[in-house]
Amino acid sequence: MLLASDASSPVFSWNLVADFQDMWSYLYMVNAFRAGLIVAVVCAVVGWFMVLRRQAFAGHTLSVAAFPGASLAILLGFSTTLGYFGFCVAAALVIAALRRGGREGGAEESAVTGTVQAFALACGYLFISLYKGLLEGPTALLFGDFLGITTGQVVTLAVIGAVLLAVLAVIGRPLLFASVDPEVAAGRGVPVRALGALFLVLLGAATAEASQITGTLLVFALMVIPPATAQQLTARPGLSLLLSVVLGLTACWAGLITAYYQPYPLGFFVTGFAFAGFVLAHLVRFAREAAGRTRTPLAIEGVA
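Residues numbered from 1 in each chain as written. Predicted model: local features only at pLDDT ≥ 70, side-chain atom pairs only at ≥ 80, totals over all residues. Heavy atoms only, no water.

(A) How the structure looks around the nonpolar core. The biggest cluster of nonpolar side chains holds 71 residues, and the ones touching the most others in it are Leu168, Phe199 and Leu203. A total of 16 residues in this core trace back to one element, the largest contributor, which is helix α2 (residues 27-52). (Core = buried A, V, L, I, M, F, W, Y, C linked by side-chain atoms within 4.5 Å. Buried < 20%, exposed > 50% of the residue type's maximum accessible area, 1.4 Å probe, protein only. Helix = DSSP H or I, 4+ residues; strand = E, 2+ residues; numbered from the N terminus.)

(B) Examining the packing of aromatic side chains more closely. As enumerated under the stated definition, the model contains nine aromatic pairs in all. A centroid spacing of 5.7 Å and a plane angle of 40° characterise the contact between tyrosine 26 and tyrosine 28, whose relative ring orientation is tilted. A centroid spacing of 6.5 Å and a plane angle of 90° characterise the contact between phenylalanine 87 and phenylalanine 127, whose relative ring orientation is edge-to-face. Of this pair, phenylalanine 87 sits in helix α4 (residues 80-98) while phenylalanine 127 sits in helix α5 (residues 107-130), and the two are 40 residues apart along the sequence. Overall, the relative accessible area of 26% leaves phenylalanine 87 in the partly exposed class. A residue is classified by how much of its surface remains accessible, and phenylalanine 127, at 12% relative accessible area, is buried. One aromatic cluster in this structure is built from Trp24, Phe33 and Trp253. (Phe/Tyr/Trp six-rings, centres within 6.5 Å; stacked < 30°, edge-to-face > 60°.)

(C) Main features of unusual backbone geometry. One non-glycine residue, arginine 54, adopts positive backbone phi at about 60°. Residue position: arginine 54 is located in the loop between α2 and α3 (56-76). Overall, arginine 54 belongs to the exposed group, its relative accessible area being 53%.

(D) Looking closely at the packing of α2 against helix α12 (residues 237-261). In contact at an axis separation of 8 Å, α2 and α12 are set at 150° when each is read in the N-to-C sense. In terms of orientation, α2 lies roughly antiparallel with respect to α12. Our pair here, α2 against α12, has a crossing hand that is right-handed. Side by side, α2 and α12 meet where Tyr28, Met29, Ala32, Phe33, Gly36, Leu37, Ala40, Val41, Ala44, Val45 and Trp48 of the first sit next to Pro237, Ser240, Leu241, Ser244, Val245, Gly248, Leu249, Cys252, Trp253, Leu256, Ile257 and Tyr260 of the second. Grouping the constituent residues of the contact of α2 with α12 by class yields 19 nonpolar, four polar and no charged. (Axes fitted to C-alpha atoms, helices over the stretch in contact; angles between N-to-C directions. Parallel < 35°, antiparallel > 145°, perpendicular 65-115°, else oblique. Left-handed = near helix turned anticlockwise from the far one by under 90°. Contact = heavy atoms within 4.5 Å. Nonpolar A, V, L, I, M, F, W, Y, C, P; charged D, E, K, R; others polar.)

(E) Seen up close, the environment of methionine 50. Counting through the fold element by element, methionine 50 comes out in helix α2. Exposure remark for methionine 50: the relative accessible area of 0% places this residue in the buried category. Not counting the four nearest positions on each side in its chain, methionine 50 is found in contact with Gln55, Ala56, Gly59, Phe199, Leu203, Met223 and Val224.

(F) How the structure looks around a nonpolar patch on the surface. Nonpolar side chains collect at one region of the surface, where Phe275, Val279, Leu280, Leu283 and Phe286 lie side by side and expose about 490 Å² of accessible area between them. Taking the relative accessible area as the measure of exposure, leucine 280 reaches 53% and is therefore exposed. (Patch = residues over 30% accessible without salt bridge, like charges linked within 9 Å, V, L, I, M, F, W, Y side chains within 5 Å. Areas by Shrake-Rupley, 256 points an atom, 1.4 Å probe, with all protein chains shown as cover. Salt bridge = Lys/Arg side-chain N within 4 Å of Asp/Glu carboxyl O.)

(G) Just the confidence of the model for the protein chain, in detail. Of all residues in the protein chain, 82% have pLDDT values of 70 or greater, and the mean over the chain is 81. Taken element by element, the protein chain is modelled with least confidence in helix α6 (residues 137-143), mean pLDDT 56, and with most confidence in helix α11 (residues 225-233), mean pLDDT 92. Segment residues 1-7 is flagged for pLDDT under 50; beyond a separation of four residues in sequence, or across chains, it makes 24 contacts in the model. (pLDDT = per-residue confidence, 0-100.)

Right, here's the structure in full:
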């Protein structure tokens, strides 16, 4: 996920109108901002539920599964997009099928998830070793590349992102209930296990989508940090979800703008901005506690 720079690199002028006109005169930058918008929103929403459900390890494993998926697609001459989605969704189905009852994110699910992750990494390195192409291939797969995004890819990301958000909008209410208190939700007739399996598939698809932009190793910059930051700032689900989207989009676009003017990896800037927000959120929380205001449990009124 690198933005190239040379001796003729643009210089930030503090004339924002002129700066953005110059930046957006390049189609690859326009597509990068478009793709960043889509991925940031999808990752923030899906990641918010992932953090709430304590399934960050599962999300990380699904991002790792994108690596062998893309590697195999390159090896066989197929579209890397097909490889990303094929392996991520397949890994999500395996985790959902092998885990038994219990709260998501528990020890048993972690063991299954870790097993899938180890096998996925081994497969990825096998496929890379069999591929006799350019050595820079693994770097692009692991760390992403905003420069190569085409308008067609942006459209594909938009369609898939819209489908993911639409499904989450339908199941969001019972999924929130099942995430906060699965035992009570099951007693009220909510299909907790089926929702958990469906969410893992959505998480796999969202991870596959984001990995094409951020790379398999940096997907957490947008999928974990903004939601975790938002949930530190407020216990209200609606406001927390909105903050997650705003923080993710801010980190992504701020990283793009900074990397346009600097010869350093875009992934560092995106992650750095997101992490700075996370640290500030903790400082705000500590300040509230010092002032005698403690955080309240996540409110779920009306989700039962």
